[in-house]
Amino acid sequence: MDRSRRAFVKKLGLTLTGGLYGIDHLRASQPFNEALPVSSSKDQWSDIQSQFLFDPGITYMNTGTEGSAPKPVFDDYVRILKQFTASPTQATFHDDDLNYFQENNREKVAQFVGAEKDEIVLTGNTTMGINTVLFGLDYAPGDEIITTLHDHIAEISPSKVLRERRDVKFTQLELGSPARSKDEIIRLFERAITNSRFRPKVLLICHINFTTGLRMPVKELCQLARKHDMISIVDGAHALGMLKLDLHDMGCDFYSTAGHKWLNCVPGTGVLYMKGGEANTRNLWPVLSEFYDFRDEDGNLYDIATQMQLRGQNDTPAYMAMVSAIRFQKEIGIGTIEGRILELNNYLRQRIVDTWGKESLLAPPPGAEELSSGMASFIPSSSPPKRYDKEFITAIPEKLSDEYGIWIRYVDFFARRNHMRRGKKTYVLRVSTHIFNDTDQIDRLIEAVEAVA
């Protein structure tokens, strides 16, 4: 038993009694299987598709909003929840996988994302991680947060709070839609930092923009942040389960992501990465903690990740289910999943261009793999596209679900700062492609959108 957990049990006046029991194939002693040799054959992908529990007749292409747990993950979650329910105190204080400290599950998640256990906190979602970091940093008047008009409200909202409460400057850059190249994006941020009238402190970006599906050059932008002694915070809501992650190689200071989207875990699961872990080089304050200034039995302060992990009761069965979802992906192969997702989305973007023209596509063009993701946004109209026609775009998803059983969504955003001042939003359809989708579904989607539009 880990020293910190032993001290915790001692503090609460409890003793270890009884044996551990639970889900054998999720125990720490069990290694992950090697990736299966999954090819692009239709039958093999059909076998994987059959593991998902969608209602018959539904074609689901909205993973960017919410994923769906495959049967093995769902079954594990139910079984683990029953275990927790059968003996709650045993689970909470004595079980190596279900206790407050979450060391086993943090270790497994860390391995999956290219990090160390003391750099990982299991959270409820991406928003929780982003807010925890933004509100946990020290600021002085005139410090600046730099982001884009395409970043998510989970980043925008706390930044505005800091602007009002702490006089932190908040700058949103105009990002091309579609963006043309990595260099264009990097130059945009370089100019904003070097020409700033304030003190650039935080570089706040999405790994994958929820608006268009653009994959940002995060590694290069994190290098740029280090060059200017800025703190890099990445909203990775859409990357976990879509792309192979190596957070050490990426070089970001903080990375927050979700388990319920592309990893296809249950709701209420997320991951916060803090570079350096116990060293806490960015002096992050544990604003969400009940264990600050607590010490172990040797008198040592608990590390920052432990302070942030201990915050009352969490859905620890869901965190075990997240490890199960990781196992599910490892058995298929992370690279195999990423390749399949990008292959399908490239096919989608090509169908969009072939049907409505290249001006209709706001995602990177077909073939631009380094900028692409599993999401693509478009406007189903010939040139010029109806970028600002709210009624036209917002009516389509409902008709698709009602008449064709196809689930996508629309998103809206301000493409330019003067559009924000005028309240002029761009409206687009956004489609997500995951391993439970196929090219036949994409063809049916295009035909249905064309008929409805």
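Whatever comes next refers back to the structure up there.
Just so we're clear, the structure is a prediction, and the values are computed from it rather than from any experiment. Going along each chain's sequence as written, the residues are numbered from 1 onward. Note on the predicted model: pLDDT of at least 70 is required for a residue's local features to be given, and 80 or more for side-chain atom pairs to be given and counted; whole-chain, interface and lining totals, by contrast, use all residues. Excluding hydrogens and water, the side-chain figures rest on all heavy atoms present in the structure.

A. Highlighting the pairing of strand 8 (residues 270–274). Under the scheme applied here, a residue whose accessible area is under 20% of the maximum for its type counts as buried, over 50% as exposed, and between as partly exposed, the area being computed with a 1.4 Å probe on protein chains only. Each helix corresponds to a stretch of at least 4 residues labelled H or I by DSSP, and each strand to a stretch of at least 2 residues labelled E; elements are numbered beginning at the N terminus. Taking burial as the measure, the 5 residues of strand 8 include 5 buried ones, the bulk of the element. In this description, strands pair whenever DSSP reports at least two bridges between them. Bridge count for strand 2 (residues 120–123) against strand 8 is 4 bridges, and the pairing is antiparallel. The residue bridging Ile 120 from the neighbouring strand is Tyr 273, located in strand 8.

B. Summary view of the packing of helix 5 (residues 103–113) against helix 12 (residues 316–332). For helices, the fitted axis covers only the stretch in contact; all axes are lines through C-alpha atoms, and the angles between them, taken along N-to-C directions, range from 0 to 180 degrees. Direction vectors running N to C along helix 5 and helix 12 enclose 35°, while the axes themselves pass 10 Å from each other. Crossing angle aside, the handedness with which helix 5 passes helix 12 is left-handed. For the pair helix 5 and helix 12, the contacting residues are Asn 105, Lys 108, Val 109 and Phe 112 in the first and Tyr 319, Met 320, Met 322, Val 323, Ile 326, Gln 329 and Lys 330 in the second. In terms of residue class, the contact of helix 5 with helix 12 is made up of 7 nonpolar, 2 polar and 2 charged. Definitions for this section: a left-handed crossing has its near helix turned counterclockwise from the far helix by less than a right angle. A right-handed crossing has that turn clockwise. The criterion used for residue contact is that any of the two residues' heavy atoms lie within 4.5 Å. Residues were grouped as follows: Ala, Val, Leu, Ile, Met, Phe, Trp, Tyr, Cys and Pro as nonpolar; Asp, Glu, Lys and Arg as charged; and all remaining residues, including Gly, as polar.

C. Spatial organisation of the nonpolar core. Among the nonpolar cores identified, the biggest contains 66 residues, and Ile 120, Ile 185, Phe 189, Met 216, Leu 221, Tyr 255 and Ile 435 are the most heavily contacted of them. Top element by residues in this core is helix 12. It accounts for 8 residues. To form a nonpolar core, buried Ala, Val, Leu, Ile, Met, Phe, Trp, Tyr and Cys residues must be joined to one another through side-chain atoms within 4.5 Å. Core analysis: the next-biggest nonpolar cluster, separate from the first, contains 31 residues, Leu 362, Ile 393, Ile 396 and Val 411 among them.

D. Summary view of a nonpolar patch on the surface. Taken together, the side chains of Phe 135, Val 161, Trp 285, Val 287, Leu 288 and Tyr 292 make up a nonpolar region of the molecular surface, amounting to roughly 530 Å² of accessible area. Its relative accessible area of 36% is what places Val 161 among the partly exposed residues. Residues enter patches when their relative accessible area tops 30% and they take part in no salt bridge; the joining distance is 9 Å for like charges and 5 Å for the nonpolar side chains Val, Leu, Ile, Met, Phe, Trp and Tyr. Exposure was quantified through the Shrake-Rupley algorithm and a 1.4 Å probe, taking into account, for residues, occlusion by the shown protein chains and nothing else. Only one rule defines a salt bridge in this text: a Lys or Arg side-chain nitrogen within 4 Å of an Asp or Glu carboxyl oxygen.

E. Quick look at the sheet that holds strand 11 (residues 409–413). Taken in spatial order, the 3 strands make up an open sheet running 9-12-11, and their pairing is antiparallel. The open sheet is flanked by strand 9 (375–378) and strand 11, the only strands paired with a single partner. Put simply, the sheet's adjacent strands are angled 40° from each other on average, direction ignored. As paired strands, strand 11 and strand 12 (residues 426–432) are joined by 5 bridges and run antiparallel to one another. Opposite Arg 409, over in strand 12, you have Arg 430 as the bridge partner. Helix-sheet contacts for helix 13 (residues 334–356) involve strand 9 and strand 12, and the interaxial angle to strand 9 is about 10°.

F. Structural context of the sheet that holds strand 8. Judged by pairing direction, the sheet is mixed, and its 7 strands sit side by side in the order 2-8-7-6-5-3-4 without closing on themselves. Two strands bound the open sheet, and with one partner strand each, they are strand 2 and strand 4 (169–173). Across this sheet, the average inter-strand angle for adjacent strands is 20°, counted without regard to direction. Summarising the sheet, strand 5 (residues 199–206) and strand 6 (residues 231–235) pair through 5 bridges and their orientation is parallel. Along strand 6, the bridge assignment pairs Val 202 with Ile 231. In the packing of helix 9 (residues 218–227) onto the sheet, contacts are made with strand 5 and strand 6, and the angle to strand 5 comes to roughly 170°.

G. Region of interest: the packing of aromatic side chains. What counts as a ring pair is set by centres within 6.5 Å for rings of Phe, Tyr and Trp (its six-membered ring), and what kind of pair is set by the plane angle: stacked under 30 degrees, edge-to-face over 60, tilted for all other angles. Inspection of every chain in the model, using the stated rule, returns 14 aromatic pairs. Ring geometry for Phe 52 against Phe 328: centres 6.1 Å apart, planes inclined by 90°, an arrangement best described as edge-to-face. In this pair, Phe 52 sits in the loop between helix 2 (42–49) and strand 1 (59–60) while Phe 328 sits in helix 12, placing the two residues 276 residues apart along the sequence. Each member of the pair, Phe 52 together with Phe 328, is buried. Arranged with centres 4.9 Å apart and planes meeting at 65°, the rings of Phe 52 and Phe 436 form a pair that is edge-to-face. On the criterion of sequence distance, the pair formed by Phe 52 in the loop between helix 2 and strand 1 and Phe 436 in the loop between strand 12 and helix 16 (439–452) is long-range, its members being 384 residues apart. Criterion for a charge above a ring: Lys NZ or Arg CZ within 6 Å of the ring centre, and within 35 degrees of the ring normal. When the ring centre of Tyr 388 is taken as origin, the NZ or CZ atom of Lys 424, which lies over that ring, is 4.3 Å away.

H. Summary view of the environment of Tyr 60. The topology assignment puts Tyr 60 in strand 1. Overall, Tyr 60 belongs to the buried group, its relative accessible area being 15%. In sequence terms Tyr 60 and Val 113 are 53 residues apart; their C-alpha atoms lie 26 Å from each other. Residues in contact with Tyr 60, not counting those within four places in the same chain, are Phe 54, Glu 66, Trp 407, Phe 436 and Asn 437. A distance of 2.6 Å separates the side chain of Tyr 60 from the backbone oxygen of Glu 66, its partner in a polar contact. Here a polar contact is recorded for every N or O atom pair within 3.5 Å, except that within protein the pair must consist of a potential hydrogen donor and a potential acceptor, and residues adjacent in sequence are included only if both atoms are side-chain atoms.

I. Structural context of the pattern of salt bridges. Counted under the stated rule, the structure contains 15 salt bridges. A salt bridge links Arg 163 to Glu 164; the nearest nitrogen and oxygen atoms lie 3.4 Å apart. Classification of Glu 164 as exposed rests on a relative accessible area of 64%. Linking Glu 370 and Lys 182 is a salt bridge whose minimum nitrogen-to-oxygen distance equals 3.8 Å. On the criterion of sequence distance, the pair formed by Glu 370 in the loop between helix 13 and strand 9 and Lys 182 in helix 8 (residues 182–194) is long-range, its members being 188 residues apart. Taking the relative accessible area as the measure of exposure, Lys 182 reaches 19% and is therefore buried. Put simply, Lys 182, Glu 220 and Glu 370 are held in one network by salt bridges that share partners.

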